[in-house]
Amino acid sequence: MKVLIIEDERDIAELISYNLKEAHFETRSCHNGREGLLEAQRYQPHLIVLDLMLPDMNGLEVCRQIKSHHKLKAIPILMLTAKGEETDRIVGLELGADDYVTKPFSPRELLLRIQAILRRSEAKPKAKEKEILEFGLLRLDEERFEASVEGKFIELTALEFKLLKYLLNNKGRVASREALLEKVWGHQAYLNTRTVDTHIKRLRAKLGPAGSYIETIRGMGYRMIERA
Ligand code: CA
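Predicted model, so just to flag it, every value in this text is computed and none were measured.

Caption draft 1: Up close: the packing of helix α6 (residues 158–169) against helix α8 (residues 193–207). The interhelical angle for the contact between α6 and α8, taken along N-to-C directions, is 85°, at an axis separation of 10 Å. Regarding the angle of α6 to α8, the classification is roughly perpendicular. Note on element contacts: α8 touches α6 through H199, I200, R202, L203, K206 and L207, opposite L159, E160, L163, L164 and L167. Per-class residue counts for the contact of α6 with α8 are 7 nonpolar, 1 polar and 3 charged.

Right under this line is the structure:
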């Protein structure tokens, strides 16, 4: 994880850098706003620590430019502010900064804030990734709850959709009937493993030419082939 520090007070920049490196971050420091903006484009950091009081331009202006730049706007910003800069903090948050820390701060507090911001921003792209699953002739759109084979939509029940998604997410691995019951159906005592067989059979038929992607592993369960 790369962190860009934009702070003109070199001892503070060094203190932050030192503590982040101890926590296994990679860092670069810039000591004015203009340099910071250029470095943000070159370095493509995962997060920017931005001091609001900079010699050449206001930190809020730096924040505004980052948040309106198409390649930089997704980078989270943690502002460093002095006591009494409450208006600036509010403006900064309105401009899209993620959080702020008031000077003087403890390195530990700063680190915790940074980790919290990164956890939040990491959660976003992951949620997006799982929207569409493609495999050979198959395409699954989770958001719209649509499945298609060779571009033709097929109608799946919620359960069949879930079953297919599970198999796709576990390509190449054998899933036992018991495991499928647990993961797809959830624990429901009245079900037995034959339920799984019935559903797989129906699912294969609906998938047509992609039905052969689901293999039966005798005596064990089912497996989505590794490569279509
Ligand atoms: Ca400063």
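Caption draft 2: Quick peek at the environment of C63. Relative to the helices and strands, C63 is located in helix α3 (residues 59–67). The spacing of C63 and R194 is 131 residues in sequence and 59 Å in space, taken between C-alpha atoms. Apart from the residues lying within four places of it in its own chain, the contact partners of C63 are L50, I77, G92, L95 and A97.

Caption draft 3: Seen up close, the packing of aromatic side chains. Using the criterion set out here, one finds 2 aromatic pairs in the structure. Taking the ring centre of Y43 as reference, the NZ or CZ of K2 above it sits at 5.0 Å.

Caption draft 4: Seen up close, the sheet that holds strand β2 (residues 26–30). Spatially, the 5 strands line up as an open sheet ordered β2-β1-β3-β4-β5, and their pairing is parallel. Every other strand in the sheet has two partners, leaving β2 and β5 (99–103) as the edge strands with one partner each. Across this sheet, the average inter-strand angle for adjacent strands is 20°, counted without regard to direction. Bridge count for strand β1 (residues 2–6) against strand β3 (residues 47–51) is 4 bridges, and the pairing is parallel.

Caption draft 5: Summary view of the state of the cysteines. For the coordinates displayed, the defined rule picks out 0 disulfides. Sulfur of C30: no disulfide; nearest cysteine sulfur belongs to C63 and is 16 Å away. For C30, a relative accessible area of 2% puts it in the buried group.

What counts, and where the lines are drawn
- Residues numbered from 1 in each chain as written.
- Predicted model: local features only at pLDDT ≥ 70, side-chain atom pairs only at ≥ 80, totals over all residues.
- Heavy atoms only, no water.
- Axes fitted to C-alpha atoms, helices over the stretch in contact; angles between N-to-C directions.
- Helix = DSSP H or I, 4+ residues; strand = E, 2+ residues; numbered from the N terminus.
- Parallel < 35°, antiparallel > 145°, perpendicular 65-115°, else oblique.
- Contact = heavy atoms within 4.5 Å.
- Nonpolar A, V, L, I, M, F, W, Y, C, P; charged D, E, K, R; others polar.
- Phe/Tyr/Trp six-rings, centres within 6.5 Å; stacked < 30°, edge-to-face > 60°.
- Lys NZ or Arg CZ within 6 Å of the ring centre and 35° of its normal.
- Pairing = 2+ DSSP bridges.
- Disulfide = S-S within 2.5 Å.
- Buried < 20%, exposed > 50% of the residue type's maximum accessible area, 1.4 Å probe, protein only.

The values are spatial; any link to function lies outside them.
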